[in-house]
Amino acid sequence: MKLIAKGNTAEIYEYGNNLVCKLFYPEYPMPYIKHEFYNATVVEKLGIKTPKAHKLIAAEGRDGIVYDQILGEKLSLKLYAISGELSGMWLDAFVNFHKQLLQHSIEDAMNYKDFLKMFVTDEETIAKIDGLADGNYLLHGDFHPANVMVDQNDNLVLIDMMNMCRGPRLYDIARTYFLLKYDNNVQSKYLEQIGYKLGDIMPYLDVILAIRKNEMMRQLPI
Ligand SMILES: Nc1ncnc2c1ncn2[C@@H]1O[C@H](COP(=O)(O)OP(=O)(O)O)[C@@H](O)[C@H]1O
Ligand SMILES: [Mg+2]
């Protein structure tokens, strides 16, 4: 199989006609892979642009998911494509795509508080999580420019649904803000354009930071 991309949890290989296989790193837990598969089907049913998840497979001693192939490139490559300068047009597209996504309500997804509690060891953080708002919006949970692809017609396509859950919009916005930490310029422009201030997302950021170390340990190949 021909390797076409690498992520943090998996490698993406060509898989016949217009399909790819997302092959997770060895020993990546099967329940998480099934969870991503399920989430991908839920998102597709909502009519959000995303590659269809066809089946679970095992190949080369690893487990994976067969998806439709998106011909194009990830949005992170477009953001700085022209002479290394940030593209305002693609940043706008990224923010608008997130706004659209956050219009969807959902019931068939994990409560974001349960997601956060999977990584929590101390009572103080659990109490903070319990104190946050509830909500029923669809939250991607990992919405950053390498999890959005741009197809050949310049449509944005959502990928990588492992951390999808339901909850208040501010949680997902705080996650994206946190994930954009490598570029302060993009980070602050994102927050401004999506219409919030640092104070709005602070209680969520606090918890996101508290769980991050444990969360990353889950994502590393064992
Ligand atoms: N369906 C797809 N078609 C084409 N390329 C894809 C597809 N899914 C993922 N990719 C590429 O593989 C990269 C990693 O995929 P992703 O699902 O984000 O894995 P990870 O969970 O490891 O982050 C993406 O950034 C993208 O470049
Ligand atoms: Mg990814």
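Below, the structure is looked at part by part. Everything numeric in this text was worked out from a predicted model, so none of it was measured.

### Section: the coordination of the magnesium ion (ligand 2)
Working step 1: Within the protein, Asn147 (OD1) and Asp160 (OD) serve as the donor atoms for the magnesium ion (ligand 2), at 2.1 to 2.2 Å. Of this pair, Asn147 sits in the loop between strand 7 (137-139) and strand 8 (148-151) while Asp160 sits in the loop between strand 9 (156-158) and strand 10 (165-167), and the two are 13 residues apart along the sequence. Of the two residues examined, Asn147 and Asp160, each falls in the buried class.

### Here's the deal with helix 7 (residues 184-194)
Working step 1: Of all the residues in helix 7, the buried ones are Val186, Gln187, Tyr190, Leu191 and Ile194. On an axial view of helix 7, the arc spanned by its buried residues comes to 130°, and they lie on one face. Set apart from the buried face of helix 7 by more than 90 degrees, the exposed residues are Asn184 and Glu192.
Working step 2: The residue sitting at the N-terminus of helix 7 and contributing the capping side-chain oxygen is Asp183; that oxygen lies 3.0 Å from the backbone nitrogen of Asn185.
Working step 3: The first or second residue beyond helix 7 is Gly195, which carries a positive phi of 95°.

### A word on the site of ligand 1
Working step 1: The full set close to ligand 1 counts 18 residues, and Thr9, Lys22, Asp68, Ile70 and Asn147 are the nearest of them.
Working step 2: Here Asn8 contributes a backbone N or O atom positioned 2.9 Å from an oxygen atom of ligand 1.
Working step 3: One nitrogen or oxygen atom from the main chain of Ala146 is found 2.9 Å from an oxygen atom belonging to ligand 1.
Working step 4: About the coverage of ligand 1: the protein hides 91% of its 550 Å² of free accessible area.
Working step 5: Secondary structure elements with two or more residues in the shell around ligand 1: strand 2 (10-14) and strand 3 (19-24).
Working step 6: Along the lines of polarity and charge, the residues of the shell around ligand 1 split into nine nonpolar, five polar and four charged.

### Quick look at unusual backbone geometry
Working step 1: With phi around 55°, Glu60 is a residue other than glycine that occupies positive phi space.
Working step 2: Backbone geometry at Asp160 places phi at a positive 65°, although glycine is not the residue there.

### Details of the environment of Lys34
Working step 1: Mapping Lys34 onto the fold places it in helix 1 (residues 30-45).
Working step 2: Exposure remark for Lys34: the relative accessible area of 48% places this residue in the partly exposed category.
Working step 3: Considered as a pair, Lys34 and Met162 are 128 residues apart in the sequence and their alpha carbons are 9.0 Å apart.

### Here we look at the sheet that holds strand 8
Working step 1: Read across the open sheet, the three strands follow the order 6-8-9; overall the sheet is antiparallel. The outermost strands of the open sheet, each flanked by one partner alone, are strand 6 (72-74) and strand 9. Direction aside, the axes of adjacent strands within the sheet are offset by 30° on average.
Working step 2: The pairing of strand 6 with strand 8 spans three bridges and is antiparallel. Bridging across to strand 8, Lys74 finds its partner in Met149.
Working step 3: Contacting strand 8 and strand 9, helix 3 (residues 88-101) runs over the sheet at an angle of about 50° to strand 9.

Thresholds, definitions, all that
- Residues numbered from 1 in each chain as written.
- Chains lettered and ligands numbered in written order.
- Predicted model: local features only at pLDDT ≥ 70, side-chain atom pairs only at ≥ 80, totals over all residues.
- Heavy atoms only, no water.
- Donors = N, O, S within 2.8 Å, 3.2 Å for Na, K, Ca; no water.
- Helix = DSSP H or I, 4+ residues; strand = E, 2+ residues; numbered from the N terminus.
- Buried < 20%, exposed > 50% of the residue type's maximum accessible area, 1.4 Å probe, protein only.
- Arc of directions from axis to C-beta.
- Polar contact = N/O pair within 3.5 Å; in protein donor to acceptor, adjacent residues only side chain to side chain.
- Near = heavy atom within 4 Å.
- Areas by Shrake-Rupley, 256 points an atom, 1.4 Å probe, with all protein chains shown as cover.
- Nonpolar A, V, L, I, M, F, W, Y, C, P; charged D, E, K, R; others polar.
- Pairing = 2+ DSSP bridges.
- Axes fitted to C-alpha atoms, helices over the stretch in contact; angles between N-to-C directions.
- Contact = heavy atoms within 4.5 Å.

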